[in-house]
Structure formats: C-alpha cells, structure tokens
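# Geometric and topological summary
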Amino acid sequence: RCNALALGAVQTEMLAEAFPDYEAPVSATEMASYIADFSLNGHRLYNGKVLNHIYFSLTLHNHQPVGNFDFVFEKAYQMSYLQMLEALERHPTVRVGVHNTGCLLDWLVKAHPEYIDRLAELAQRKQVEILSGGYYEPILVSLPDQDKLGQIQMLNERVESLFGVKPKGAWLAERVWEPHLPKI
C-alpha cells in the first residue's frame, strides 16, 4: 500500500501561453511548497493515520505530440526539460523517475543530443530512473494487446540504445489504468 500524490495543472508561463483563457487553480510556488511540506512532514499524519515513514517518489513526464511545431518543442526544452536537467545536475542526491515519450526523444536526438548524453549520465549513476511507456503516448487500454506490447517494446529499445539502461517501469498516458495491463 502506498499513498500517491497525483499533481494536476499548475499555472506557469507556458500554460498561460498555450491556454490563454485558462487559469490553473495552483501557482508553481504553491505546488512547490506543497510538495516540500508533503516530503518533510507527511509522515506525521496522512489520511487520518500516523505514518512512521513516508517514501516520496517523483516522476517527471516530458511529452510533445507528434507533428507539433519545432518552435514549441524548443520552447518547452528551454523552459522546462533543460532547466530540470540542470537542477538535477546541481543536486546529485535528488533521485527521480523521468519519462520522455518516443516522439520527444526523436526530436531531442536531432535538436539537442547533448541533453540525451547528460540525462544518460544521470541514469548511469542511478540518480534518474528512465521509464518506458507507449512510444507515441497512446492510451494503452484502447489498443489491442499486440499493439500495446509493440508500443512499449519500441520505447524500451529506444531507451536502452540512448541511455544504456533497461526500463523497469512505465508511464501510463493520461494515467488510464485497467486491471489487465500488468499481463503486458
């Protein structure tokens, strides 16, 4: 059993630019404060139970859809992916999971191969666990089993070739779960 912290939309400059008529209910500062408080104090009282220990796992999900404009990829890279990578390099004791979709990896290999090399270094020293999932970010439960497996195998192979590690976990697009998924 574990408690999960599933974070929703956070108001950022990128969100405001992408969706000018939408305002997220939480600022980036508020979310950071909540995560820090949860990490430091969540063991005291959570869900009405006193916990002796709390294990906090943070996974970063990076995605751009197939066919998105190159300038959108680049802006997301500069404002998000690169900044997080630099923060992780500055804080080597912070350990996280990272999921990059296949289409984003394809772009990164062409546009910023140095990012791949730097993330591979973090994976090799076990600061970052690289996750798999569907290569093109499909809703896996909507696919036939053979296609589910093909999507996951395709991303597994890409991750192994780029980062030199075999993924142990997988990201589920839109967090859509069905009980039959573990058999895949």
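I will try to describe carefully the structure that is included in this document. (Residues numbered from 1 in each chain as written. Predicted model: local features only at pLDDT ≥ 70, side-chain atom pairs only at ≥ 80, totals over all residues. Heavy atoms only, no water.)

## Digging into the overall build of the chain
Note the threshold: Strands are runs of DSSP state E lasting at least 2 residues, helices are runs of H or I lasting at least 4, and numbering of each runs from the N terminus. Summary of the burial criterion: residues with accessible area below 20% of their type's maximum are buried, those above 50% are exposed, and those between are partly exposed, where the area comes from a 1.4 Å probe applied to protein chains only. Between two residues, a contact is recorded if the distance between any of their heavy atoms is within 4.5 Å.
Counting secondary structure elements, the chain contains six helices and five strands. Going residue by residue from the N terminus, the α and β elements of the chain occur as α-α-β-α-β-α-α-β-β-α-β. Per-residue burial over the chain gives 32% buried out of 184 residues. Within the chain, contacts between residues at least 6 apart in sequence are counted, and of these 66% link residues at least 24 apart.

## Side note on the pattern of salt bridges
Applied cut-off: Throughout this description, the term salt bridge denotes a Lys or Arg side-chain nitrogen within 4 Å of a carboxyl oxygen of Asp or Glu.
All told, the structure shown has five salt bridges when counted by the stated rule. For glutamate 89, the salt bridge goes to arginine 118, with nearest N and O atoms at 2.5 Å. Taken together, the positions of glutamate 89 in helix H3 (residues 70–90) and arginine 118 in helix H5 (residues 113–124) put the pair 29 residues apart, joining distant regions of the chain. The exposure class assigned to glutamate 89 is partly exposed, which follows from its relative accessible area of 30%. The exposure class of arginine 118 is partly exposed, given its relative accessible area of 26%. One salt bridge in this structure joins arginine 158 and aspartate 106, with 3.1 Å as the shortest N-O distance. Of the two residues, arginine 158 is situated in helix H6 (residues 145–163) and aspartate 106 in helix H4 (residues 102–111); the sequence distance between them amounts to 52 residues. Taking the relative accessible area as the measure of exposure, arginine 158 reaches 23% and is therefore partly exposed.

## Topic: the nonpolar core
Applied cut-off: By nonpolar core we mean a set of buried residues, namely Ala, Val, Leu, Ile, Met, Phe, Trp, Tyr and Cys, connected to one another through side-chain atoms within 4.5 Å.
Counting residues in hydrophobic clusters, the biggest one holds 26 residues, and the most contacted among them are Leu108, Tyr115, Leu119, Val128, Ile130 and Phe163. At the level of elements, H3, strand E2 (96–100), H4, H5, strand E3 (128–130) and H6 are the ones that each hand at least two residues to this core. Per-element tally for this core: the top contributor is H3, with seven residues. Not counting residues within four places of it along the chain, the set of residues in contact with phenylalanine 163 comprises Leu105, Ile116, Leu119, Ala120, Gln124 and Ile130.

## Regarding the pairing of strand E1 (residues 59–62)
We apply this condition: We call two strands paired when DSSP finds no fewer than two bridges between them. Whether a crossover is right-handed comes down to one check: with the strands pointing away from the viewer, does the path from the first strand over the helix to the second run clockwise; if it does, it is right-handed.
Alternating positions in E1 separate cleanly, Leu60 and Asn62 being buried on one face and Thr59 and His61 remaining unburied on the opposite face. Bridge analysis of E1 against E2 gives four bridges, and the strand direction is parallel. Its bridge partner being in E2, leucine 60 is matched across the sheet by valine 98. Once you follow E1 into H3 and on to E2, the crossover reads as right-handed.

## Considerations on H3
Note the following rule: Under the convention used throughout, the expected extent of a helix is 1.5 Å for every residue step, that is, one less than its residue count. Throughout, bend refers to the angle between the axes fitted to the seven residues that end at a position and the seven residues that start at it.
Over its 21 residues, H3 extends 28 Å from the first C-alpha to the last, a length consistent with the 30 Å expected when each residue adds 1.5 Å. A bend of about 50° at tyrosine 77 is the largest found in H3. Among the residues of H3, Phe73, Ala76, Tyr77, Tyr81, Leu82, Leu85, Ala87 and Leu88 are the ones counted as buried. Buried positions along H3 lie against helix H1 (13–18), E1, E2, H4, H5 and E3.

Nothing here speaks to function; it is all geometry.
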